[in-house]
Amino acid sequence: MSGRAAGAPDDDDSVQSRLASSNGALQNLLARLGTGIEDLMPSGGRVRMKELLASLKDHDEGRQMEALNELCDVLSMGQEEILIGFNIDAFLPVLVELLNYEHNPEIMLLSCRAITHLLEVLPKSAAKVVGCGAVPLFCQRLLTIEFIDVAEQSLLAMHKLSTEHPEPLLRANGLAAALSFIDFFDINTQRTAAATAANMCRNIAEDLFVDVAQMIPNLTQLLSIDDQKIVESAVLCFVRLVESFSSSEAQLEDIANHGMLNQLLRLLRPRNQEGRSFEVSTGTYTSIVKTLSLSCRGSSKLAVSLLEQDIIKTVHAIINKEEDAQLSGTALMTVVAVKRPVEQLLHTLVLANELLPPVQGDAETSKFIETIAGTTSLAQDVFGRGRSSQCLRDFEASRPELLAEFAEKLYPILIDIAVTIVSEEMRVTCLSAVAKLVASMKPDELLPVVRDSHLLGYLSGFIASSRPPIAGLSLLICEMLLNKLPQVLGYRFASEGVVHEVGRLCAKELTVPNESMDALLERARKLQATVLEPGAMAAACAASGLVVERASSVASRLKAGDASALPPLRELFCAGEGGISSFQMLTSGLAESLLEFLSSSEPGHIEAFVRVFCSAGPGQTDAGAEDQPLRTLVRKLNEGLTMHESFPVVMSDAAGDLTAGLKLLAQPLKLRLSRDASDSALGDYGGNVVLIEPLATIKAVHDFLWPKVAGGASPLEDPAGPAGAEAGSPDQAARSRDKERMQAGAAAAGDGGEGGDEVDEMEMPLDGSPERRVP
């Protein structure tokens, strides 16, 4: 026994040595056979490929025809054992030579077809097809159409090449080749030509613009064809052209010089209104809006042209579609957030912003905006860098009704979007448009626009956010408003909390140097020392303080459970312009006191509230006035929540049918939850990325996270109570197993996060209890 054990290592070494020797011999044998193994393949392989190549090089056109037919059949089948022996470098020069047999159209057709099949079965051969000189021949067959079949086959080959190699096609006059005689082809070939042109318009070099410009009339004509696929390819051409030359005002105007804007606007309107047989897809609709917004951003002349074609009504219709015409305010914004693709909404807002002339700021204001802009396009949005805007300014000065229309149709929507959709990029764009509108309007025109809007209340919330691009732009709007309407808006600035929030911002001290925050604080202190200086705002602040005192008195009585405070509360929300603002309501503690009053266990509180707020007041005969105070109260509460809420929700742009949408529910949400700076009782879990199932309940998420931040039992007790958690019970055993899984998962997931962060992954089992996914 011991002898065998001692000899085992030697035996193992001998076996391993013999296996290694055999393996090496086998590899040598296969290497020797490899050079000729294809020759052993039946019906194909390298031998047959060599025979076909020899036949193609023969000057007997009959043999060449037979070889081409067989080669097309072989390539169309795409059999791997045959393609192994196919030598691209040997075949391509011969096929290109045959493509030039103008005296024999059949040979040209078959050689072109063979190259097309080659591009299909071996996509990597595209670079070699380009390099061997086939592209100019394809283009020539389309520019001088003698044989329609050869032209169509050449177009198919160009379409295959255009996906990866658009520039060589463009340099060989490929755009003209694809579009010059498009009307001679059937509808399917026309679609291929349009798609090929769209591929060639991607990332066009500056020196190729001359070649593209001569075909812009043809591209514009495609936009009017009553075929959805052709039109959508033409739209893609223009969006790529505008993207490629967005920094050149002259080239943008050349692109739009043949009716592009008018045709794109037609596609944005309903099909029954324009006599089309189709509606463009959502993606194409978004591309059209993007093309218009980039065109206006790059050229003021194009913005003027769109204004002459009632673009303001079109922008309003894009946001507030016909089926949503009855909605407004929060209801409309909810529909916009859910139904409109994010990219489409963003480009619509950019388009609205670019319809207004830029703000004419001094050097100090320009430097301020550039400093706080960060990664946003704030400077471009406000000042319109890189284009001459005088023609737009002159046009709107001669047509003041355009500013009035913009203020009536778009200004309220821009305010609602800026507040409701918490996306910094969209908010910057909306506030930039508001700043431009305020700067462009005269005081008497501006007063009715801002007097009845909620802008000032929202501006105080934006300033309170202390995010440099948002807060800085809000300060700029406040400054322009007070310079134009100091007497009228003084009280509103005090009552809506603008004065208070500017004062809070000025009192901040930075512990870490930050250029953007430094510029923001400096601008706020300048605004406080000049426009908002105590002497000028003393009367307004005093009047606002009286309202806060009244509200505080009512709040104290409600807190004490005094139902007689309800009539004075109702009066606060019946006072119109002199009534309480959202800021005053929150500052006075009225919201908290009312909540405590209505939540009290004392009988009759809710009945008393309903009786006071849902009945007409003394002397009121209007039936709609009965619930007006209640409506005002709810609106003020919503405004207060909106001002203090900063939870961004990003909608997915995933397109597709119901199945595609349901698939998103199978993907966990990736969250990073940060502890509030003022909370020291909880542990900091901000360094972890948490993956949570979309259908998990809030309680499940709470139960999963609580042990990690508190280190103890959850304050939300088990519904079964202590009796259901006795030692040894099934519930107790299940909780123990869950705890073990969580601990095991925490140890296993430590290296799965992004950038070294720990990733906690949570799923929602059928029993409703959270469970860790253990890798």
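Scroll up a little and you will see the structure.
These remarks concern the structure in this document. (Residues numbered from 1 in each chain as written. Predicted model: local features only at pLDDT ≥ 70, side-chain atom pairs only at ≥ 80, totals over all residues. Heavy atoms only, no water.)

### Some remarks on the packing of aromatic side chains
Here comes step 1: Evaluated as defined, the whole model comprises 3 aromatic pairs.
Here comes step 2: With centroids separated by 4.8 Å and ring planes inclined at 70°, the aromatic side chains of Phe209 and Phe245 adopt a geometry described as edge-to-face. One end of the pair, Phe209, is in helix α13 (residues 209–213); the other, Phe245, is in the loop between α15 (228–244) and α16 (249–255), with 36 residues separating them in the sequence. Here Phe209 matches Phe245 in class, with each residue buried.
Here comes step 3: The ring of Phe278 has Arg276 lying over it, and the distance from NZ or CZ to the ring centre is 5.7 Å.
Here comes step 4: Note that Lys708 overlies the ring of Phe704, its terminal NZ or CZ placed 5.0 Å from the centroid. (Phe/Tyr/Trp six-rings, centres within 6.5 Å; stacked < 30°, edge-to-face > 60°. Helix = DSSP H or I, 4+ residues; strand = E, 2+ residues; numbered from the N terminus. Buried < 20%, exposed > 50% of the residue type's maximum accessible area, 1.4 Å probe, protein only. Lys NZ or Arg CZ within 6 Å of the ring centre and 35° of its normal.)

### Some words on a nonpolar patch on the surface
Here comes step 1: A contiguous nonpolar patch, built from Ile148, Phe181 and Phe184 and spanning about 290 Å² of accessible area, is present on the exposed surface.
Here comes step 2: If you trace the backbone, Phe181 turns up in the loop between α11 (174–179) and α12 (187–200). (Patch = residues over 30% accessible without salt bridge, like charges linked within 9 Å, V, L, I, M, F, W, Y side chains within 5 Å. Areas by Shrake-Rupley, 256 points an atom, 1.4 Å probe, with all protein chains shown as cover. Salt bridge = Lys/Arg side-chain N within 4 Å of Asp/Glu carboxyl O.)

### Focus on the packing of helix α31 (residues 455–464) against helix α32 (residues 468–484)
Here comes step 1: It is the contact of α31 with α32, at a shortest axis distance of 8 Å, that shows an interaxial angle of 140°. When the axis of α31 is compared with that of α32, the two are oblique. α31 and α32 meet at a crossing whose hand is left-handed. The residues of α32 that touch α31, namely those facing Leu455, Leu456, Leu459, Phe462 and Ile463, are Ile470, Ala471, Ser474, Leu475, Ile477, Cys478 and Leu481. (Axes fitted to C-alpha atoms, helices over the stretch in contact; angles between N-to-C directions. Parallel < 35°, antiparallel > 145°, perpendicular 65-115°, else oblique. Left-handed = near helix turned anticlockwise from the far one by under 90°. Contact = heavy atoms within 4.5 Å.)

### Structural notes on α15
Here comes step 1: For α15, spanning 17 residues, the distance from its first C-alpha to its last is 24 Å, which sits close to the expected 24 Å at 1.5 Å a residue.
Here comes step 2: Burial analysis of α15 places 12 of its 17 residues in the buried class, the great majority of the element.
Here comes step 3: Turning to α15, the residues buried within the fold contact α12, α13, α14 (216–222), α16, α17 (260–268) and α19 (282–298).
Here comes step 4: Capping of α15 at its N-terminal end is provided by Asp227; its side-chain oxygen lies 3.3 Å from the backbone amide nitrogen of Lys229. (Expected span 1.5 Å × (residues − 1). Polar contact = N/O pair within 3.5 Å; in protein donor to acceptor, adjacent residues only side chain to side chain.)

Distances and angles like these do not, on their own, reveal function.
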